[in-house]
Number of protein chains: 2
Amino acid sequence: MPADADLTLHWSPRSPFVRKVMVAAHELGLTGRIALHRTVVRMAEPNPELLPDNPLSKIPTLRLPDGTALFDSVVICEYLDELAGGGRLFPAGGPARWQALGWHALGNGFLDLLILWRNERDKPAARQTPEWLDSFATRAAAVLARLEAESATLEETPFGIGHIAIGCALSYLDFRFPDLGWRAGRPALAAWHAGFAARPSACATEIVDA
Amino acid sequence: MPADADLTLHWSPRSPFVRKVMVAAHELGLTGRIALHRTVVRMAEPNPELLPDNPLSKIPTLRLPDGTALFDSVVICEYLDELAGGGRLFPAGGPARWQALGWHALGNGFLDLLILWRNERDKPAARQTPEWLDSFATRAAAVLARLEAESATLEETPFGIGHIAIGCALSYLDFRFPDLGWRAGRPALAAWHAGFAARPSACATEIVDA
């Protein structure tokens, strides 16, 4: 634990939403203030230790010095940006803010979809709902087409919270959906993601099988 | 359609996240700028008309005058607040902002949970995952206990986006989980919600069976 940590993060090495917070913390130079507390959450089983901090039993959840806790990842990331002076990963206003928040929401929504997809895919076949699996696949393809079309804009825009969310979502595809081959036919997005994955903040937080 | 509408909202009368946006629009005096476009979304079936505006095929999605589209409801609500001058439903900074954003995230997370719960509950029994149903019930009870404990603070704090999200989530319980009897043992929260439900913005957007 960092010696001068005054924040505690309910953390897991494989949660893409936790990773998003950690990438932000690295980019903002705040990792020294955050103690990591390994917290296991599962769809099927609320974590009784987590419920007092977050009754939704989800991570990331960030405990503050006054004992209160902040969630979800969107709120935590903006809070960290503010701690670091503000306006660094979250543009303060105007079109740049809506661009960043829109990408942030797209990355988060993509992750939500991928997590539901994985939950459904990994069920016994008799419990699966095939139309849901089809719907997840169609929507994931639509998101990837959109991102490929916006790769040049992503590249040109100062790095921010939207880039972090999209980068983490694409890396999650590599981790949980390697057979999807998302790079095929999407060379601009693949090139953009390679740049994201090479950032020190991404390297330091990469999700790998233990 | 309002004569001077320059925004188009992909809208449905029964989506609680759409309702949240509409409550915000009423509170901010912006309903005259928003044309409502009925858009059906289903978990099992992406809506091809919606995909160009939102590849996640989710509502609310707000089309702006320049042809681009904003989502999710969190981003749309903050955008509307900014259109109305800023700092009205989203406190500009400091502890008031984190309080409001935290409640907003709690209300949204509660709605996400309730929607997943309803999807699971309404499946054929052979396809249900019983541990998920138990988990949803436990977490919903934890959220309600937290909200009951925070009712006095909700009451004392200037009305904002957090109140809207929590109010819409509790009303959604009434609509989709009437048998849960969420008011039992939670008199302070029930009283707070009665005040929310009596606001003109809530009355104008109430979700009812057609």
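So, how was this worked out
Residues numbered from 1 in each chain as written. Chains lettered and ligands numbered in written order. Predicted model: local features only at pLDDT ≥ 70, side-chain atom pairs only at ≥ 80, totals over all residues. Heavy atoms only, no water. Pairing = 2+ DSSP bridges. Helix = DSSP H or I, 4+ residues; strand = E, 2+ residues; numbered from the N terminus. Contact = heavy atoms within 4.5 Å. Axes fitted to C-alpha atoms, helices over the stretch in contact; angles between N-to-C directions. Right-handed = clockwise from strand over helix to strand, strands pointing away. Domains from an automatic or database assignment. Buried area = accessible area lost by both parts, 1.4 Å probe. Salt bridge = Lys/Arg side-chain N within 4 Å of Asp/Glu carboxyl O. Polar contact = N/O pair within 3.5 Å; in protein donor to acceptor, adjacent residues only side chain to side chain. Parallel < 35°, antiparallel > 145°, perpendicular 65-115°, else oblique. Left-handed = near helix turned anticlockwise from the far one by under 90°. Nonpolar A, V, L, I, M, F, W, Y, C, P; charged D, E, K, R; others polar. Least-squares fit on C-alpha atoms with pLDDT ≥ 70 in both. Disulfide = S-S within 2.5 Å. Phe/Tyr/Trp six-rings, centres within 6.5 Å; stacked < 30°, edge-to-face > 60°. Buried < 20%, exposed > 50% of the residue type's maximum accessible area, 1.4 Å probe, protein only.

A closer look at the sheet that holds strand β1 (residues 7–11) of chain B
Residues and elements named next belong to chain B. The sheet built from four strands is open, its strands ordered β2-β1-β3-β4 with mixed pairing. Only two strands of the sheet have a single partner each, and these edge strands are β2 (34–38) and β4 (69–70). Where strand β3 (residues 61–63) lies against β4, two bridges are found, and the strand directions are antiparallel. If you follow Arg63 over to β4, its bridge partner there is Ala69. Contacts between helix α2 (residues 73–83) and the sheet are confined to β1, β2, β3 and β4, with β3 contributing the most and set at about 45 degrees to the helix.

Re the pairing of strand β2 (residues 34–38) of chain A
All names here are of chain A. When strand β1 (residues 7–11) meets β2, the two strands line up parallel, connected through five bridges. Note on β2: the bridge partner recorded for Trp11 is Arg38. With helix α1 (residues 16–28) bridging β1 and its parallel neighbour β2, the resulting β-α-β unit is right-handed.

Quick word on the domain arrangement of chain A
Residues and elements named next belong to chain A. When cut into domains, chain A gives domain 1 (7–83) and domain 2 (94–203). The distance between the C-alpha centroids of domain 1 and domain 2 comes to 21 Å. Between domain 1 and domain 2 lies a buried interface of about 1400 Å² when both sides are counted; carbon and sulfur atoms form 65% of it. Applying the counting criterion to the domain 1 and domain 2 interface returns two salt bridges. Note that Arg199 and Glu27 form a salt bridge whose closest N and O atoms lie 2.8 Å from each other. For the interface between domain 1 and domain 2, the tally reads six residue pairs in polar contact (both at pLDDT 80 or more). If you list the elements that add at least two residues to the side of domain 1 that touches domain 2, you get α1 and α2 (73–83). At eight residues, α1 tops the list of elements feeding residues into the side of domain 1 that touches domain 2.

Some words on the packing of α1 of chain A against helix α6 (residues 161–176) of chain A
Residue and element names in this part refer to chain A. Packing of α1 against α6 leaves a shortest axis separation of 9 Å and a crossing angle of 135 degrees. Put simply, α1 runs oblique to α6. Remark: the crossing between α1 and α6 carries right-handed chirality. In contact with Pro16, Arg19, Lys20, Val23, Ala24 and Glu27 of α1, α6 contributes Ile164, Ala165, Cys168, Ser171 and Tyr172. Looking at the contact of α1 with α6, its residues break down into seven nonpolar, one polar and three charged.

Points about the interface of chain B and chain A
Counting residues at the interface gives 46 residues for chain B and 46 residues for chain A. When chain B packs against chain A, close to 3800 Å² is buried across both sides, 68% of that on carbon and sulfur atoms. Run the count over chain B and chain A and you get two salt bridges. Here Glu78 of chain B and Arg97 of chain A are joined by a salt bridge, their closest N and O atoms 2.8 Å apart. Looking at the side of chain B that touches chain A, the elements with two or more residues in it are α2, α3 (94–121) and α4 (130–149) of chain B. For the side of chain B that touches chain A, the element with the highest residue contribution is α3 of chain B, accounting for twelve residues. Taken together, the residues that form the side of chain B that touches chain A break down as 24 nonpolar, nine polar and 13 charged.

Describing the relation of the copies chain B and chain A
Mapping between the two copies of the chain is achieved by a rotation about an axis and a shift along the axis. Least-squares fitting of chain B to chain A yields an RMSD of 0.0 Å, with the superposition described by an axial translation of 0.0 Å and a rotation of 180 degrees. The operation mapping one copy onto its partner corresponds to a two-fold rotation axis. Among all C-alpha atoms of chain B, that of Arg127 of chain B lies closest to the rotation axis, at 2.0 Å. With an isologous cut-off of 70% or more, the 100% of interface residues of chain B that recur at the interface of chain A puts this contact in the isologous class.

Focus on the state of the cysteines
The tally for this structure, following the rule as stated, stands at zero disulfides over all chains. Here Cys77 of chain B stays unpaired: no disulfide links it, and the sulfur of Cys168 of chain B, its closest cysteine neighbor, is 8.7 Å away.

Thoughts on the sheet that holds strand β3 (residues 61–63) of chain A
Residues and elements named next belong to chain A. Spatial ordering of the open sheet is given by β2-β1-β3-β4, a layout of four strands whose pairing is mixed. Strands at the two margins of the open sheet, each flanked by one partner only, are β2 and β4 (69–70). Running at roughly 45 degrees to β3, α2 makes contact with β1, β2, β3 and β4 of the sheet.

Notes on the packing of aromatic side chains
All names here are of chain A. Applying the stated criterion across every chain, the model contains six aromatic pairs over all chains. Here Trp117 and Phe177 contribute two aromatic rings whose centre-to-centre distance is 4.7 Å and whose plane-to-plane angle is 40 degrees, an arrangement assigned as tilted. Placement of Trp117 in helix α3 (residues 94–121) and of Phe177 in the loop between α6 and α7 (187–197) is noted, with a sequence separation of 60 residues between them. Residues Trp117 and Phe177 agree in their burial class; the two are buried. Ring centres of Trp192 and Phe196 lie 6.0 Å apart, and the angle between their planes is 20 degrees; on these two criteria the pair is classed as stacked. With Trp192 and Phe196 both in helix α7 and four residues apart, the pair spans about one turn of that helix.

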